[in-house]
Amino acid sequence: MLVVMKPQATPEQIQAVCEHIQQLGFRAHPLPGAQRTAIGITGNKDRVEAASLEDLPGVAEVIAVSKPYKLVSRDVKEENTIITFPGTDATIGGKDLAMIGGPCSVESREQTFAAAEAIAAAGAQFFRGGAFKPRTSPYAFQGMGEEALKIMADVRDRFGLRIVTEAIDTDALELVDHYADVIQIGARNMQNYSLLRAAGRKRKPVLLKRGLAATLEEFLMAAEYIMSEGNYQVILCERGVRSFADHTRNTLDLSIVPAVQRLSHLPIVVDPSHGTGKRNMVVALGRAAVAVGADGLIVEVHHQPDKALSDGAQTIYPEQFVQLMNESSQIAAILGRNVPRGIHVAETASAER
Ligand code: PEP
Ligand code: MN
């Protein structure tokens, strides 16, 4: 159910409707829009009695949302969600594309700073690096954990880059929430509902990767889990799915970008690194993702990819990242979008860190 407030409804009226919904045993999610506020109602009890809400002051109408995903849906919020990063000019989901680059794993301070310097010089605003790695083999490099998070916090201080990194479980989530700017939930955890709920209780943006064999609806329902806990800052990420094709590691499903944009207000970025598994395809598929309307790219970059401790075969060189930035800019311009160059950080924001 969705309560649509009148454009002139006051904050007190919105608050009163939320309290009424809670008294009925449901959760209220006020979602302000450009014209009016909508209040999503979630809960796993019976249906809400619409009549009891319709007569409350400031309410325009009460409508049933027929889709299984509610807060994720454009029915609840028509305008695109734009995620902001306080104290900086970086956004995800607006006109500007979010360019996220960095190594698969943080391996050492030197390697991380070498990658970060190249990412910042190329003009990207976001840095990625794995501290906790979900590896197929228990004997493979598992990541440097908290030490890696500290190195990336230093990268933010030095270059201004906002940090995106994965939380593989609820313990890692606490640490990632403490050090990073965006909490990544990996493909393998897309249906780890307790982790999704825990990420939903945080107030940092969550980058949710599509599961290895997830349908569009399953993907959106995973985002719904996060939002149902009150965290509305979710960024979806297409990173390729399993298919019969064996010329790539995964099959990058770019058609999910317009499919998501039709149904949901959430931003969606594309990962052409995991999406192809091959260095020689990353730039081409990155360009294609921008052309299809993605809100940004997340790409693995290393100054010595052949020495990388994880995912070297799909990791591009810094020069290739520069090429991808330049070509993405040109494609974005055709679409009326923009690839911002560099991040501006307010003095106070950097001093607070
Ligand atoms: C990663 O970003 O390094 C990663 C492990 O991604 P995914 O969850 O998409 O496999
Ligand atoms: Mn990787």
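All values reported here derive from a predicted model rather than from experimental measurement. (Residues numbered from 1 in each chain as written. Chains lettered and ligands numbered in written order. Predicted model: local features only at pLDDT ≥ 70, side-chain atom pairs only at ≥ 80, totals over all residues. Heavy atoms only, no water.)

Chemist: Tell me what's going on with the pattern of salt bridges, and back it up with residues and numbers.
Modeler: A complete count under the given rule lists 16 salt bridges for this structure. With a closest N to O distance of 2.9 Å, Glu-238 and Arg-210 form a salt bridge. Separated by 28 residues along the polypeptide, Glu-238 in strand β12 (residues 234–238) and Arg-210 in the loop between β11 (206–209) and α7 (216–228) bring together distant segments of the chain. For Glu-238, a relative accessible area of 0% corresponds to the buried category. What makes Arg-210 buried here is its relative accessible area of 6%. Of the charged contacts, one joins Glu-327 and Arg-287 as a salt bridge, the two residues approaching to 2.8 Å between their closest N and O atoms. A residue pair is termed long-range when its members are at least 10 positions apart, and Glu-327 in helix α11 (residues 318–334) and Arg-287 in helix α10 (residues 279–292) qualify at 40 residues. Of the residues examined, Glu-327 reaches a relative accessible area of 21% and is grouped as partly exposed. For Arg-287, a relative accessible area of 28% translates into the label partly exposed. One salt-bridge network, in which partners are shared between bridges, spans Arg-27, Arg-197, Arg-201 and Glu-229. (Salt bridge = Lys/Arg side-chain N within 4 Å of Asp/Glu carboxyl O. Helix = DSSP H or I, 4+ residues; strand = E, 2+ residues; numbered from the N terminus. Buried < 20%, exposed > 50% of the residue type's maximum accessible area, 1.4 Å probe, protein only.)

Chemist: Explain the coordination of the manganese ion (ligand 2) to me, and be specific about the residues and the numbers.
Modeler: The protein atoms that coordinate the manganese ion (ligand 2) are Cys-104 (SG), His-274 (NE2), Glu-300 (OE) and Asp-311 (OD), at distances spanning 2.1 to 2.4 Å. Each donor residue of the manganese ion (ligand 2) belongs to the same chain, with the gaps between them written as C-x169-H-x25-E-x10-D. On the criterion of sequence distance, the pair formed by Cys-104 in the loop between β7 (98–102) and α3 (109–122) and Asp-311 in the loop between β14 (296–300) and α11 is long-range, its members being 207 residues apart. (Donors = N, O, S within 2.8 Å, 3.2 Å for Na, K, Ca; no water.)

Chemist: Run through the packing of α7 against helix α8 (residues 256–263), naming residues and quoting values.
Modeler: At a closest axis distance of 11 Å, the pairing of α7 and α8 adopts a crossing angle of 55 degrees. With respect to α8, the element α7 is oriented oblique. Crossing hand, α7 versus α8: right-handed. On α8, the residues touching Leu-216, Phe-219 and Leu-220 of α7 are Ile-256, Ala-259, Val-260 and Leu-263. (Axes fitted to C-alpha atoms, helices over the stretch in contact; angles between N-to-C directions. Parallel < 35°, antiparallel > 145°, perpendicular 65-115°, else oblique. Left-handed = near helix turned anticlockwise from the far one by under 90°. Contact = heavy atoms within 4.5 Å.)

Chemist: Run through the domain arrangement of the protein chain, naming residues and quoting values.
Modeler: Annotation of the protein chain at the domain level lists domain 1 (2–63) and domain 2 (83–352). Tallying the contact residues gives 5 residues for domain 1 and 6 residues for domain 2. Around 380 Å² of area is buried between domain 1 and domain 2 when both sides are counted, 47% of it from carbon and sulfur atoms. Looking at the side of domain 1 facing domain 2, the largest losses of area belong to Arg-27, His-29 and Leu-31, adding up to 79% of the total buried there. For the pair domain 1 and domain 2, the interface holds 1 salt bridge. Across the contact surface, domain 1 and domain 2 share 2 residue pairs in polar contact (both at pLDDT 80 or more). If one sorts the elements of the side of domain 1 that touches domain 2 by residue count, strand β2 (residues 27–32) sits on top with 4 residues. (Domains from an automatic or database assignment. Buried area = accessible area lost by both parts, 1.4 Å probe. Polar contact = N/O pair within 3.5 Å; in protein donor to acceptor, adjacent residues only side chain to side chain.)

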